[in-house]
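The lines below spell out each chain.
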Amino acid sequence: MGMKKLNVGLIGYGFMGRAHSNAYLKVNRFFDLGYQPVLKAACARKADKIQAFADNWGWESVETDWRRLIERKDIDVIDIGSPNDTHREIAIAAAEAGKMVLCEKPLAMNAVEGREMTEAVEKAGVANMVWFNYRRVPAISLAKQLIDEGRIGRVFHYRAKYLQDWTISPDLPQGGAGLWRLDIDVAGSGVTGDLLAHSIDTAIWLIGGVDKVSAMTETFIKERPLQDDPSKRKPVGIDDACAFLARFKNGALATFESTRYARGRKNQNTFEVNGERGSIYFDLEDAHQLQYYNHSDDSHVHGWRTILVTDSDHPYMKHWWVPGCVIGYEHTFINALADFLKGLETGEPARPNFRDALETQCVCDAVLHSARTGAWESIA
């Protein structure tokens with residue numbers, strides 16, 4: 001029997017729009033699946049921009065109103081790749097219309113919105129997933145496997161960093177296309193929602209839920225010009241940097257740090273897990289490698305080993321190339337989409353779903369509240 005067609009309506013044409021479009025085009029060429037995505041319609045407010053995007057990626061049609069896209073009977077899935085302030089309204093409307101919903105991270109502007117979105121998709125009974133794509137980095141999935149196999153034993157420490165350097169210039173404007181992440185009214189937060197949301201999701205997936213946090217944030221540049229009108233300036237409301245302590249529900253201790261002011265760090269996303277029997281370290285800038293220390297090795301060969309995560313028995317890699325050939329950032333979205341489609345086929349939904357992403361959103365909210373009050377915050 002042939003594959004079942006799944007008509008996709010994509011909202012947004014930026015960085016994530018490109019990543020998602022590529023995934024829809026490639027997934028069936030590398031994964032044996034019962035569903036085939038169809039690039040049915042792409043949507044954005046600017047007709048010329050979305051038409052050029054659709055022409056380039058092969059979308060069959062365009063819309064300039066997301067409400068019209070959701071109303072279409074030929075759309076099965078709504079994929080939200082637009083800025084954070086649009087997620088809630090679109091997701092709830094899509095769920096109420098019976099559409100499956102995929103959403104970029106963070107889930108929402110805050111946990112209140114995220115809870116409404118989660119309740120909407122659960123009430124409607126529609127398939128849903130949030131694109132926390134780093135779960136689908138084979139080396140991170142391998143770390144999850146090693147932890148679940150008990151190879152590092154009881155976890156004592158988790159240590160995460162997510163560092164970039166692209167907002168240091170005081171002349172960089174805020175708002176508008178490409179720079180909406182610097183506008184508090186559109187983004188909801190700064191590095192906490194944009195970068196640390198990834199780190200938190202990964203941590204929860206690897207070792208379990210967070211119990212409480214104590215945080216500090218800083219906004220280094222207090223005012224920026226507006227991209228759409230450089231003659232005007234607006235106070236900066238986002239967090240440029242955030243660091244927090246955390247205690248997990250299993251008793252493990254953690255530190256998290258993120259900034260866009262780490263000169264020379266372009267996209268350094270790292271974590272280290274220290275356990276009773278061993279340790280694991282990962283760096284996204286060496287995404288094909290996982291560092292592993294096994295204390296049960298004979299003492300004369302103790303030391304960190306580097307695992308090249310390209311063999312067919314490593315997560316996802318049997319779908320790609322021969323051992324020794326690495327995959328890249330874009331492949332994580334293809335892997336995520338493959339899991340979503342396989343979940344539709346098997347009845348075992350892919351994760352993280354909206355409920356999982358809401359847990360991360362609650363941690364983000366607690367981090368920001370702790371930074372304002374200076375007190376430890378328990379996770380709601």
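Provided above is the structure to which this section pertains.
Here goes a summary of the coordinates provided. (Residues numbered from 1 in each chain as written. Predicted model: local features only at pLDDT ≥ 70, side-chain atom pairs only at ≥ 80, totals over all residues. Heavy atoms only, no water.)

Regarding the pattern of salt bridges
Right, on to step 1. Across all of its chains, the model carries 25 salt bridges by this definition.
Right, on to step 2. Taking the shortest distance from any N to any O, the salt bridge between Asp194 and Lys105 comes out at 3.2 Å. With Asp194 in helix α8 (residues 191-207) and Lys105 in the loop between β5 (100-103) and α5 (111-124), the pair connects residues that are 89 residues apart, well separated along the chain. Across the pair, exposure class does not vary: Asp194 and Lys105 are buried alike.
Right, on to step 3. The partner of Asp183 in a salt bridge is Lys234, with the nearest N and O atoms 3.0 Å apart. (Salt bridge = Lys/Arg side-chain N within 4 Å of Asp/Glu carboxyl O. Helix = DSSP H or I, 4+ residues; strand = E, 2+ residues; numbered from the N terminus. Buried < 20%, exposed > 50% of the residue type's maximum accessible area, 1.4 Å probe, protein only.)

Here we look at the nonpolar core
Right, on to step 1. If you look at the biggest cluster of nonpolar residues, it comprises 75 residues, and the most contacted ones within it are Tyr158, Phe244 and Phe256.
Right, on to step 2. Tallying contributions element by element places α8 first for this core, with nine residues.
Right, on to step 3. If we ignore the near neighbours within four places in the chain, the residues touching Phe256 are Tyr158, Ala160, Leu196, Ser199, Ile200, Ala203, Cys242, Ala243, Phe244, Ala246 and Phe248.
Right, on to step 4. Among the nonpolar cores identified, the runner-up in size contains 36 residues, and Val8, Ala44, Ala54 and Val77 belong to it. (Core = buried A, V, L, I, M, F, W, Y, C linked by side-chain atoms within 4.5 Å. Contact = heavy atoms within 4.5 Å.)

Comments concerning the sheet that holds strand β13 (residues 268-275)
Right, on to step 1. Spatial strand order, β16-β15-β14-β13-β7-β12-β11-β8-β17: nine strands in an open sheet with mixed pairing. Two strands lie at the open edges of the sheet, namely β16 (305-308) and β17 (377-378), each paired on one side alone.
Right, on to step 2. Bridge analysis of strand β11 (residues 241-248) against strand β12 (residues 253-259) gives seven bridges, and the strand direction is antiparallel. Residue Arg247 lies in a different strand from β12, and its bridge partner there is Leu253.
Right, on to step 3. Lying on the sheet, helix α6 (residues 138-148) is in contact with β13, β14 (278-283), β15 (289-294) and β16; it crosses β15 at an angle near 20 degrees.
Right, on to step 4. Sitting on the sheet, helix α10 (residues 354-373) touches β8 (210-218), β11 and β17, and the angle it makes with β8 is about 55 degrees. (Pairing = 2+ DSSP bridges. Axes fitted to C-alpha atoms, helices over the stretch in contact; angles between N-to-C directions.)

Things to note about the sheet that holds strand β4 (residues 77-80)
Right, on to step 1. The sheet built from six strands is open, its strands ordered β3-β2-β1-β4-β5-β6 with parallel pairing. Strands with a single pairing partner mark the edges of an open sheet, and in this sheet they are β3 (61-63) and β6 (128-130). Each strand of the sheet is rotated relative to its neighbour by a mean of 25 degrees, with strand direction disregarded.
Right, on to step 2. Judged from the four bridges that link them, strand β1 (residues 4-11) and β4 form a sheet pairing that is parallel.

Considering the layout of surface pockets
Right, on to step 1. Quantified by volume, the second largest pocket comes out at close to 200 Å³.
Right, on to step 2. Lining the second largest pocket are 15 residues, and of these Val137, Ala287, Ile327, Gly328 and Tyr329 lie nearest its centre.
Right, on to step 3. Partitioning the lining of the second largest pocket into residue classes produces 10 nonpolar, five polar and no charged. (1 Å grid on protein atoms, 1.4 Å probe; cavity = no way out; pocket = protein on both sides within 12 Å on 5 of 7 lines; lining within 4 Å. Points joined across faces, edges and corners; volume = space filled by probe spheres on them. Nonpolar A, V, L, I, M, F, W, Y, C, P; charged D, E, K, R; others polar.)

A closer look at the packing of helix α1 (residues 15-30) against helix α9 (residues 329-346)
Right, on to step 1. The N-to-C vectors of α1 and α9 enclose an angle of 60 degrees; their axes lie 8 Å apart at closest approach. Relative to α9, the element α1 lies oblique. As for the relative orientation of α1 and α9, their crossing is right-handed in sense. Where α1 approaches α9, its residues Phe15, Met16, Ala19, His20, Asn22, Ala23, Tyr24, Lys26 and Val27 are matched on the opposing element by Tyr329, Glu330, Phe333, Ile334, Leu337, Ala338 and Leu341.
Right, on to step 2. When its residues are assigned to classes, the contact of α1 with α9 shows 12 nonpolar, two polar and two charged. (Parallel < 35°, antiparallel > 145°, perpendicular 65-115°, else oblique. Left-handed = near helix turned anticlockwise from the far one by under 90°.)

Quick word on the packing of aromatic side chains
Right, on to step 1. Taken as a whole and assessed by the stated rule, the structure comprises 19 aromatic pairs.
Right, on to step 2. Between Tyr24 and Trp59, the ring centres sit 6.1 Å apart and the planes meet at 85 degrees, which makes this aromatic pair edge-to-face. Residue Tyr24 is located in helix α1, and its partner Trp59 is located in the loop between α2 (47-57) and β3; the two are separated by 35 residues in the primary sequence.
Right, on to step 3. With a centroid separation of 5.3 Å and 70 degrees between ring planes, the pair formed by Tyr329 and Phe333 is classed as edge-to-face. Taken together, the positions of Tyr329 and Phe333, both in helix α9 and four residues apart, correspond to about one turn of that helix.
Right, on to step 4. Here a set of aromatic residues connected by ring pairs shows up, and it is made of Phe15, Trp131, Tyr134, Tyr162, Tyr329 and Phe333. (Phe/Tyr/Trp six-rings, centres within 6.5 Å; stacked < 30°, edge-to-face > 60°.)

Let's talk about unusual backbone geometry
Right, on to step 1. In this structure, Pro106 follows Lys105 across a cis peptide bond, with omega equal to -10 degrees.
Right, on to step 2. In this structure, the amide linkage connecting Arg351 to the following residue, Pro352, adopts the cis form with an omega of 10 degrees.
Right, on to step 3. Secondary-structure assignment places Pro352 in the loop between α9 and α10.
Right, on to step 4. Despite not being glycine, Tyr316 has its phi angle at roughly 70 degrees, a positive value.
Right, on to step 5. If you trace the backbone, Tyr316 turns up in the loop between β16 and α9.
Right, on to step 6. The class of Tyr316 is buried, set by a relative accessible area of 17%.

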